[in-house]
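Structural description and commentary
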Amino acid sequence: NAGVTQTPKFQVLKTGQSMTLQCAQDMNHEYMSWYRQDPGMGLRLIHYSVGAGITDQGEVPNGYNVSRSTTEDFPLRLLSAAPSQTSVYFCASSRLDIWNTEAFFGQGTRLTVV
Amino acid sequence: QQQVKQSPQSLIVQKGGISIINCAYENTAFDYFPWYQQFPGKGPALLIAIRPDVSEKKEGRFTISFNKSAKQFSLHIMDSQPGDSATYFCAAGYTGTASKLTFGTGTRLQVTL
């Protein structure tokens, strides 16, 4: 199993450009999330999904869109990139289970907006 | 508003020593408290987790202590090793939704020889 796969690993964007960060998991997990990691601020939840067709906002959703058409994929879209979106982005997945105890994270996408 | 406060920001411990990282939370509805370990260039990985019905959980050299009344929990790393050098994050969430978490700001641990 590959686990949680994020692409690309690195990306440089110009202000105003759009792009999609890809996230795929092969563990048949219902729950998927996107976080951004900034120095001194830990990881902050952007958007999450409890299953195909269901998404909701996290702590810092502004400037980002998501959709979940399949269980496996959860792309994050930046419609008009801003320098404030320079960050490392992590995707995570987990089972929707009361006994579930682990979220699996991808390797991250380092995004720079110039 | 930081709902999970973590300290210290950085920590240097000698090999064989005890590393202690503390966290405090505000939302009493949280019922799942994991600790994640992150190495440079990698994603966070679950280290150990606890629920508020127990006051302590131990897995090998790693122990979580939990104080529900004080809304605090801590990670103790016994016999710290250079390979433990990493950034540690505490987090809080809800049972059944392990990937919907509120994270602390992280502690960079360096274990020296």
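You'll find the structure just up there.
**What to know about the sheet that holds strand β8 (residues 72–77) of chain B**
All names here are of chain B. The antiparallel open sheet is built from five strands, whose spatial order is β1-β3-β8-β7-β6. Each edge of the open sheet is held by one strand with a lone partner, namely β1 (4–7) and β6 (56–59). Mean inter-strand twist for the sheet, computed between neighbouring axes without regard to direction, equals 15 degrees. Pairing of strand β3 (residues 19–25) with β8, which is carried by six bridges, proceeds in the antiparallel orientation. Note on β8: the bridge partner recorded for Asn22 is Ser74.

**Examining the state of the cysteines**
Here a disulfide denotes one covalent bond, and it connects the sulfur atoms of two cysteines. As enumerated under the stated definition, the model contains two disulfides over all chains in all. The partner cysteine of Cys23 of chain A in its disulfide is Cys91 of chain A, sulfur to sulfur 1.9 Å. Between Cys23 of chain A and Cys91 of chain A, the disulfide has an S-S torsion of -75 degrees and is therefore left-handed. You can see Cys23 of chain A sitting in strand β3 (residues 19–25) and its partner Cys91 of chain A sitting in strand β9 (residues 87–94), a full 68 residues away along the chain. For the pair Cys23 of chain A and Cys91 of chain A, a shared accessibility class is recorded, and that class is buried. The residue that forms a disulfide with Cys23 of chain B is Cys90 of chain B, at a sulfur-sulfur distance of 1.8 Å. Taking the sign of the S-S torsion, -95 degrees for the link of Cys23 of chain B and Cys90 of chain B, the bridge is left-handed. With Cys23 of chain B in strand β3 and Cys90 of chain B in strand β9 (residues 86–92), this pair connects stretches of sequence that are 67 residues apart.

**Looking at the side chain of Thr63 of chain B**
Note on placement: Thr63 of chain B falls in strand β7 (residues 62–67). Sequence-distant contacts of Thr63 of chain B, defined by excluding residues within four places in its chain, comprise Glu56, Lys57, Lys58, Ser74, Leu75 and His76 of chain B.

**Brief notes about the environment of Pro34 of chain B**
Residue and element names in this part refer to chain B. Inspection of the secondary structure puts Pro34 in strand β4 (residues 33–38). With 41 residues separating them along the chain, Pro34 and Leu75 place their C-alpha atoms 9.9 Å apart. Those residues in contact with Pro34, other than ones at most four positions away along the chain, are Leu46, Ile48, Ala49, Phe89, Cys90, Ala91, Ala92 and Leu101.

**Remarks on the interface of chain A and chain B**
On the side of chain B, 20 residues touch chain A, which itself brings 26 residues to the contact. Looking at the side of chain A that touches chain B, the elements that each hand over two or more residues are β4 (31–38), β5 (42–51) and β9 of chain A. Residues of the side of chain A that touches chain B, tallied by class, amount to 13 nonpolar, ten polar and three charged.

**Describing the side chain of Ser80 of chain B**
Residues and elements named next belong to chain B. If you trace the backbone, Ser80 turns up in the loop between β8 and β9. Residue class for Ser80 comes out buried when judged on its relative accessible area of 0%. Here the side chain of Ser80 touches Ile77 through a polar contact of 3.2 Å, landing on its backbone oxygen.

**Brief notes about the layout of surface pockets**
The space that makes up the largest pocket amounts to roughly 770 Å³. Going through the elements one at a time, β4, β9 and β11 (109–113) of chain A together with β9 and β11 (107–112) of chain B are the ones with two or more residues in the lining of the largest pocket. Residue contributions to the lining of the largest pocket peak at four residues, all from β11 of chain A. The residue inventory of the lining of the largest pocket, partitioned by class, reads ten nonpolar, 18 polar and five charged.

**Observations regarding the pattern of salt bridges**
If the charged atoms of two oppositely charged side chains come close together, the side chains can form a pair. Residue and element names in this part refer to chain B. The full count for this structure, using the stated rule, is four salt bridges over all chains. In this structure, Lys57 engages Glu59 in a salt bridge whose closest nitrogen and oxygen atoms are separated by 3.7 Å. We classify Lys57 as partly exposed; its relative accessible area is 31%. A salt bridge links Arg61 to Asp84, with the nearest nitrogen and oxygen atoms 2.8 Å apart. Here Arg61 is found in the loop between β6 and β7, whereas its partner Asp84 is found in the loop between β8 and β9, with 23 residues between them in sequence.

Calculation criteria
Residues numbered from 1 in each chain as written. Chains lettered and ligands numbered in written order. Predicted model: local features only at pLDDT ≥ 70, side-chain atom pairs only at ≥ 80, totals over all residues. Heavy atoms only, no water. Pairing = 2+ DSSP bridges. Helix = DSSP H or I, 4+ residues; strand = E, 2+ residues; numbered from the N terminus. Axes fitted to C-alpha atoms, helices over the stretch in contact; angles between N-to-C directions. Disulfide = S-S within 2.5 Å. Buried < 20%, exposed > 50% of the residue type's maximum accessible area, 1.4 Å probe, protein only. Contact = heavy atoms within 4.5 Å. Nonpolar A, V, L, I, M, F, W, Y, C, P; charged D, E, K, R; others polar. Polar contact = N/O pair within 3.5 Å; in protein donor to acceptor, adjacent residues only side chain to side chain. 1 Å grid on protein atoms, 1.4 Å probe; cavity = no way out; pocket = protein on both sides within 12 Å on 5 of 7 lines; lining within 4 Å. Points joined across faces, edges and corners; volume = space filled by probe spheres on them. Salt bridge = Lys/Arg side-chain N within 4 Å of Asp/Glu carboxyl O.

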